[in-house]
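Notes for the structure review
Chain by chain, the residues run as shown.
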Amino acid sequence: MEEKDLIFIQDQIAYNFNNLDLLQQAFVRRSYAKENGGEDNEVLEFIGDKVLDFIVVKFLTEEYGYFLSECDDFDKNEEFDEFATEYNENRLTEIKKKLVQKKTLASRIDMLGLAEYLIMGKGDIKNGVNEEASVKEDLFEAILGAVALDSQWNISELQDVVDIMLSPDSILTDNADLDYVGLIQDWTCKNIGTIPLYHFEKYYRCSYRSNLVFENNRIDEKQFHCILTIDDNLPEFVGDGVSKSEARKAVCKAAYDYLEENDLTNSIRNEIRNPNKAEAINQLETLARRGYFSIPTYKFYQEYDKNGNPIWKCRCFIVEKKKSFLSRSSSKKEAKKSSAYRMLKYLLEEDGI
């Protein structure tokens, strides 16, 4: 790989390698190693698979778990300080599967623009295997394996890299907070035709325990700058945070606020090119994921006609909208599609179409 490629990859995953050979190895397919010698990325992939499992489980326990002593009504004289979670094991397993499934990892490699740097043999190049989801999944895991070895299994570094590469918050978001990272990703791809470029820098913020400035009272808090470049015609944006993930969220919010202030953000009319009944459910969810409104909800009712045949009714709701839409069909699925399509048409009309 060329030096500029190695710099780009490190910026995208928010980790600077001590051993750049490890980073390059993460991109080497077995087909290339067979033709040219050297090591491929398969062992790194094996390591990265275990790293991903560990960090994702850690994320889930921190996101949904707590000790009973953290509850206001905990009585240490009568209760054990046990660990509990908001969800049972089956639900946590479902969430974990969503985060680590092939489709998710492949989409994240696309988001980071890394598949094109794969080092492949002639057969792989001819067959375009770098476009296969399984190959992108392998690359995702191999990069994590390389980081694990290079950092000597530094948990903090590994968690930062998984946060940046996987962006679990954006996958599990309930729209309580806008996913600014996703919004900037979508806007950049759609309007510029490229991916957003990030660069991270570590620094220490100095604070003091009192108004008197004494060296021995200084507290050094690790902080991160995240510098975002979208396009040469737009300014460079900077965000800070106590972690790389938080710094990236901050810089994306700053960038999105700028786009909104300068009337450069997308509207619903630009998002949905071909509104149609067959895709209406997914089209509504796409708009919700991009921050236009909350995830739509559906309520079903079942009745029977005079011949005893089932009739399904489905009503589509969106929290921010005053109107809801009811549709009927002999099929539950069709009733849902129809109610979603009626809501979609209303939103498009509201947006000026």
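The text that follows walks through the structure, step by step, so that each part is easy to find. These figures come from a predicted structure and were not determined experimentally.

Now for the overall build of the protein. Check the secondary structure of the protein and you find 15 helices and eight strands. For the protein, with 353 residues in total, the buried portion stands at 43%. A separation threshold of at least 6 residues defines the contact pool for the protein, and within that pool the share at least 24 residues apart is 55%. Summed over its atoms, the accessible surface of the protein is roughly 20000 Å², and 45% of this surface lies on carbon and sulfur atoms. Across the protein, the 46 positively charged side chains and the 65 negatively charged ones have centroids separated by 10 Å.

Next up on the list: the sheet that holds strand S6 (residues 297-304). Sheet architecture is open: three strands sit in the order S6-S7-S8, paired in antiparallel fashion. Strand pairing shows two members of the sheet lacking a second neighbour, S6 and strand S8 (325-329), which therefore form its edges. Put simply, the sheet's adjacent strands are angled 20° from each other on average, direction ignored. Its contacts with the sheet place helix H15 (residues 332-350) against S6, strand S7 (310-317) and S8, and it is angled at close to 150° to S8.

Okay, a negative patch on the surface next. On the surface, Glu70, Asp72, Asp73, Glu78, Glu79, Asp81 and Glu82 cluster together to form a negatively charged patch. Under the relative-accessibility criterion, Asp72 is labelled exposed at 83%.

What follows deals with the nonpolar core. Counting residues in hydrophobic clusters, the biggest one holds 51 residues, and the most contacted among them are Phe27, Leu52, Leu99, Leu114, Ile143, Met165 and Leu166. For this core, the secondary-structure elements that each account for two or more residues are helix H1 (3-13), helix H2 (20-25), helix H4 (42-64), helix H5 (89-100), helix H6 (102-112), helix H8 (133-150) and helix H9 (155-166). Listed in part, the 21 residues of the second largest apolar core include Ile164, Val251, Tyr256 and Leu259.

The subject of this paragraph is the packing of H4 against H5. In the contact formed by H4 and H5, the axes pass within 10 Å of each other and the chain directions differ by 130°. By the angle between their axes, H4 is oblique relative to H5. For the pair H4 and H5, the crossing hand works out as right-handed. Two secondary-structure elements touch here, H4 through Leu52, Asp53, Val56, Val57, Phe59, Leu60 and Tyr64 and H5 through Leu92, Ile95, Lys96, Leu99 and Val100. Partitioned by chemical class, the residues of the contact of H4 with H5 number ten nonpolar, no polar and two charged.

Our next topic: the pattern of salt bridges. Across all of its chains, the model carries 18 salt bridges by this definition. Of the charged contacts in the structure, one is a salt bridge between Lys96 and Asp53, with a shortest N-O distance of 3.1 Å. A residue pair is termed long-range when its members are at least 10 positions apart, and Lys96 in helix H5 and Asp53 in helix H4 qualify at 43 residues. Judged by relative accessible area, which is 23%, Lys96 ranks as partly exposed.

This part covers the pairing of S6. As judged from the eight bridges shared by S6 and S7, these two strands associate in the antiparallel manner. Looking across to S7, one finds that Tyr301 is bridged to Lys313. Connecting the antiparallel pair S6 and S7 is a turn made up of five residues, with Gly308 showing a positive phi of about 85°.

Turn by turn, an α-helix covers 3.6 residues, leaving residues three or four places apart pointing in a common direction. Of all the positions in H6, only Thr104, Leu105, Ala106, Arg108, Ile109, Met111 and Leu112 are classed as buried. Gly113 lies just past H6 and shows a positive phi near 70°.

Glancing now at the packing of aromatic side chains. Working definition: an aromatic ring pair is given by the centre-to-centre distance plus the angle between the planes. Under the counting rule described, the total for this entry stands at eight aromatic pairs. Ring plane angle 35° and centroid distance 5.6 Å describe the contact between Phe8 and Tyr117, whose orientation is recorded as tilted. Residue Phe8 is found in helix H1, and its partner Tyr117 is found in the loop between H6 and helix H7 (122-127); the two are separated by 109 residues along the sequence. Since its relative accessible area comes to 16%, Tyr117 is described here as buried.

What counts and how
- Residues numbered from 1 in each chain as written.
- Predicted model: local features only at pLDDT ≥ 70, side-chain atom pairs only at ≥ 80, totals over all residues.
- Heavy atoms only, no water.
- Helix = DSSP H or I, 4+ residues; strand = E, 2+ residues; numbered from the N terminus.
- Buried < 20%, exposed > 50% of the residue type's maximum accessible area, 1.4 Å probe, protein only.
- Contact = heavy atoms within 4.5 Å.
- Areas by Shrake-Rupley, 256 points an atom, 1.4 Å probe, with all protein chains shown as cover.
- Lys, Arg positive; Asp, Glu negative; His and termini not counted.
- Charge placed at Lys NZ, Arg CZ, Asp CG, Glu CD.
- Pairing = 2+ DSSP bridges.
- Axes fitted to C-alpha atoms, helices over the stretch in contact; angles between N-to-C directions.
- Patch = residues over 30% accessible without salt bridge, like charges linked within 9 Å, V, L, I, M, F, W, Y side chains within 5 Å.
- Salt bridge = Lys/Arg side-chain N within 4 Å of Asp/Glu carboxyl O.
- Core = buried A, V, L, I, M, F, W, Y, C linked by side-chain atoms within 4.5 Å.
- Parallel < 35°, antiparallel > 145°, perpendicular 65-115°, else oblique.
- Left-handed = near helix turned anticlockwise from the far one by under 90°.
- Nonpolar A, V, L, I, M, F, W, Y, C, P; charged D, E, K, R; others polar.
- Phe/Tyr/Trp six-rings, centres within 6.5 Å; stacked < 30°, edge-to-face > 60°.

Note that all results are geometric; they support no functional claim without further evidence.
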